[in-house]
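So the chains spell out like this:
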Amino acid sequence: MVETVPYIPENAPFTAEQRAWLNGMLAGLFSASALPAALAKPSHRIAVLYASQSGTAEGLARKLAKELKAQGHVPAVSTLVGYTSAALAAEKYALLLASTYGDGDAPDGVQPFYEQLCSEHFPRFEGLSYAILALGDKHYEHFCKFGKDLDAKLIALGANPLSERVDSDVDVDEPFERWKSVVIARLNEVAAGHKTTRPALDPAVGNGETMPAGEGRLASAAKAAPAAIFSRDNPLLAPLVDKKDLTHNESTKSTLHLAFSIEGTGLRYEVGDACGVIPRNDLNLVAEILQTLRFNGNEQVLCGKTGKTTLHDALAHHLQITILNRKIVKEYVTKGKCAKLLDLLVPEQQESLQRYVYGRGLIDLLVEYPGIIEEPAELIAMLPKLTPRLYSISSSPLAHQGQIHTTVAVVRYRSYNRERGGVCSTFFADRSTLSDRLPIYIQPNKKFKLPQNSDAPIIMIGPGTGIAPFRGFLHERRALGAKGRNWLFFGERSAATDYLYREELESMRADGHLTRLDTAFSRDQEDKVYVQDRMMEHAPLFWNWLEDGASVYVCGDATRMAKDVHATLHRIIEKEGGMPAQAAEEYVHALKDEHRYHRDVY
Ligand SMILES: Cc1cc2nc3c(=O)[nH]c(=O)nc-3n(C[C@H](O)[C@H](O)[C@H](O)COP(=O)(O)OP(=O)(O)OC[C@H]3O[C@@H](n4cnc5c(N)ncnc54)[C@H](O)[C@@H]3O)c2cc1C
Ligand SMILES: NC(=O)c1ccc[n+]([C@@H]2O[C@H](COP(=O)([O-])OP(=O)(O)OC[C@H]3O[C@@H](n4cnc5c(N)ncnc54)[C@H](OP(=O)(O)O)[C@@H]3O)[C@@H](O)[C@H]2O)c1
Ligand SMILES: Cc1cc2nc3c(=O)[nH]c(=O)nc-3n(C[C@H](O)[C@H](O)[C@H](O)COP(=O)(O)O)c2cc1C
């Protein structure tokens, strides 16, 4: 007989986060004992559904399916693109991994599924037990919103949660493991015939890992276009054909213009899309890590999807070595001999832990607490994957044929007596030269597109590297001969040193292609001036453009700028439209519904 997995009740004296952590740990411990009984049962079908744009949720869904299969269940993996709510209603068990995009929206192609779910006449879901892992990024205003919305909708439709939803920040490994262990323990418990409030599992209805085509998928999706030739897993090695500073030598920052040749490769993009780049770590740092650990780098290791490789290759190409996080510290501590770090791992010390990891990297941990890693495999197991970085494309396929341009702010900082850099931006700045072939792919952004009506006015707000897609938009509109008016708000630190694409922009302003160009150089006077101050200065005109049907686009920093610009947009509508806050809110909602307010923020 299988023991029931103990569960911390909601009224126990813990925060939600502490409770989730404890439940995960208990489930992990008890799922092992549940395993033999679960395996002894006939196999059971579990739909594993993912809503993914750049592949993280999909990768985790496949990983989960493998584990479910190993435990005697029959996972059926499917994307939610083209999936129907009727198909979901026909399932008994569904595990959903859902990322969030745009302004808290579903990933591309998943919205029709969600809309079906929201349609009034949709059947109830009492027969469905489900669990959701929501993927997101805390930098965004609407953290994990799609996963949260999906959860709320399923509850409202009568579905039964198998476990509490887990909301994951970009560092997905730990939340995924925590969620997975609870969910699998629950499924094993039910499979073992335990007394439960959830419905019993049905016998298998299939035995493949992937849902058969047509089952739960719309015919149109089954006929969807073939996958792009180049992707995150199969990037194009594109020659770097231009690399220049957009900022002056005397600037306090460094921003680069890069151009890649895609001539004759078949790689296609649209303005508004992003370019994904697979970076490489700094080999000096790799050497320092190897030396500190007394490894030579030729040790054979198993490294995730890459499989068998050398330790040097794993550290150079496949693992994130510059940043620390809770999971790394936790894994390190479990190997012993660092009592100080152990103290930081208790939930009450969350802030101290954040302070410890901020500005430190793997090398600091290895130097401060030496002699802990004894085998290369231990190092591989504790490090997260090195993920691709995205850059908004700053060219237009019509105006810059055969090329993709990006505009990259180089991340450099000094902390704990060491000069440090962002992996990808310094890969461009310090470790790439002209004619090097760099691995890139296109990350489409269907939500950040020019209006279909080329006569419609557009307002673009893009300080710093936020200018990137707007350079693409302006060139595209010119190449198309679009008649619509163009208004750009650009901001940077100083006009003399940081005015990105100055000549191009001023020339477009001079010939009238840019109807208006308003700049805000924050550090050229005593008090900071930002793009939103310029928007406010021109509030009556801004309002007129809105009333004339202008679409508004915002690109750049998500943490501060996009929030302040959003608030300013509301203020302008309230003031110039003579509306109370609630009505201004509705006005902004209407802009979004009409696809006239778009944000590409990071
Ligand atoms: C859709 C999208 C579009 C984007 N478009 C652009 C674009 O057009 N141009 C552009 O430049 N970027 C863009 N970005 C951001 C870009 O993807 C990268 O995140 C950015 O270049 C940093 O990557 P990196 O590898 O250089 O740095 P990473 O290796 O990711 O390092 C960044 C990390 O370093 C640490 N850090 C940074 N500064 C400090 C400090 N002062 N003290 C302590 N720690 C610090 C922080 O942990 C930070 O998260 C975009 C992102 C997205 C999602
Ligand atoms: N770690 C770093 O050292 C570092 C440095 C730069 C950028 N970044 C990050 O890298 C990304 C891209 O940076 P970027 O080069 O595009 O430029 P950015 O940092 O976004 O700065 C562009 C301009 O925006 C201004 N700005 C700052 N806060 C603002 C706000 N609340 N509203 C409107 N404007 C504001 C900046 O002014 P001031 O800077 O004068 O306030 C600057 O004039 C951003 O996500 C940013 O957070 C990190
Ligand atoms: C353009 C863009 C917009 C995003 N918007 C949000 C958002 O609004 N809220 C959020 O929590 N995460 C947001 N994210 C973060 C993603 O949800 C997160 O990176 C997730 O892990 C991606 O999963 P995927 O690879 O399966 O698509 C955004 C990411 C990008 C690139």
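Rules and cut-offs
- Residues numbered from 1 in each chain as written.
- Chains lettered and ligands numbered in written order.
- Predicted model: local features only at pLDDT ≥ 70, side-chain atom pairs only at ≥ 80, totals over all residues.
- Heavy atoms only, no water.
- Near = heavy atom within 4 Å.
- Polar contact = N/O pair within 3.5 Å; in protein donor to acceptor, adjacent residues only side chain to side chain.
- Areas by Shrake-Rupley, 256 points an atom, 1.4 Å probe, with all protein chains shown as cover.
- Helix = DSSP H or I, 4+ residues; strand = E, 2+ residues; numbered from the N terminus.
- Axes fitted to C-alpha atoms, helices over the stretch in contact; angles between N-to-C directions.
- Parallel < 35°, antiparallel > 145°, perpendicular 65-115°, else oblique.
- Left-handed = near helix turned anticlockwise from the far one by under 90°.
- Contact = heavy atoms within 4.5 Å.
- Nonpolar A, V, L, I, M, F, W, Y, C, P; charged D, E, K, R; others polar.
- Pairing = 2+ DSSP bridges.
- Buried < 20%, exposed > 50% of the residue type's maximum accessible area, 1.4 Å probe, protein only.

### A short note on the site of ligand 1
If you check the shell around ligand 1, you find 21 residues, and the closest are R389, L390, Y391, C424 and S425. Between Y391 and ligand 1, the recorded distance is 2.7 Å, taken from a side-chain N or O atom to an oxygen atom. V423 places a polar main-chain atom, nitrogen or oxygen, 2.8 Å from an oxygen atom of ligand 1. Its free accessible area being 980 Å², ligand 1 has 73% of it covered by the protein chains. For the shell around ligand 1, the secondary structure elements donating two or more residues are β12 (389-392), β13 (403-409) and α15 (423-431).

### Some words on the packing of helix α4 (residues 111-118) against helix α5 (residues 145-156)
Interaxial distance between α4 and α5 falls to 10 Å at its minimum, and their mutual angle equals 30°. In this view, α4 runs roughly parallel relative to α5, as classed from their interaxial angle. Of the two possible hands of crossing, α4 and α5 adopt the one that is left-handed. Across the interface between the two elements, F113, Y114, L117 and C118 of α4 pack against F146, D149, L150, K153 and L154 of α5. Across the contact of α4 with α5, the residue classes break down as seven nonpolar, no polar and two charged.

### Structural notes on the sheet that holds strand β16 (residues 437-443)
Spatially, six strands are ordered β12-β9-β16-β7-β8-β13 in an open sheet, and the strand pairing comes out antiparallel. Edge positions in the open sheet fall to β12 and β13, since each of these has one partner strand only. Between one strand axis and the next, the sheet turns by 40° as a mean value, whatever way the strands run. Where strand β9 (residues 274-277) lies against β16, four bridges are found, and the strand directions are antiparallel. Looking at the pairing, G276 lines up with Y441 of β16. Sitting on the sheet, α15 is in contact with β7 (236-245), β8 (255-261), β9, β12, β13 and β16, with an inclination near 70° to β12.

### Considerations on the side chain of R471
For R471, the position within the fold is in helix α16 (residues 468-480). Taking the relative accessible area as the measure of exposure, R471 reaches 7% and is therefore buried. Apart from the residues lying within four places of it in its own chain, the contact partners of R471 are H257, S394, S395, H400, H405, Y501 and E504.

### Some thoughts on the pairing of strand β1 (residues 45-51)
The buried count for β1 comes to seven of seven residues, which makes it a mostly enclosed element. Neither face of β1 is exposed, since R45, A47, L49 and A51 on one face and I46, V48 and Y50 on the opposite face are all buried. Pairing geometry for β1 and strand β2 (residues 74-79), over six bridges, is parallel. Among the inter-strand pairings, L49 is bridged to a residue of β2, identified as S78. Here five bridges tie β1 to strand β3 (residues 93-99), and the two strands are oriented parallel to one another. Residue pairing for β3: V48 is matched across the bridge by L95.

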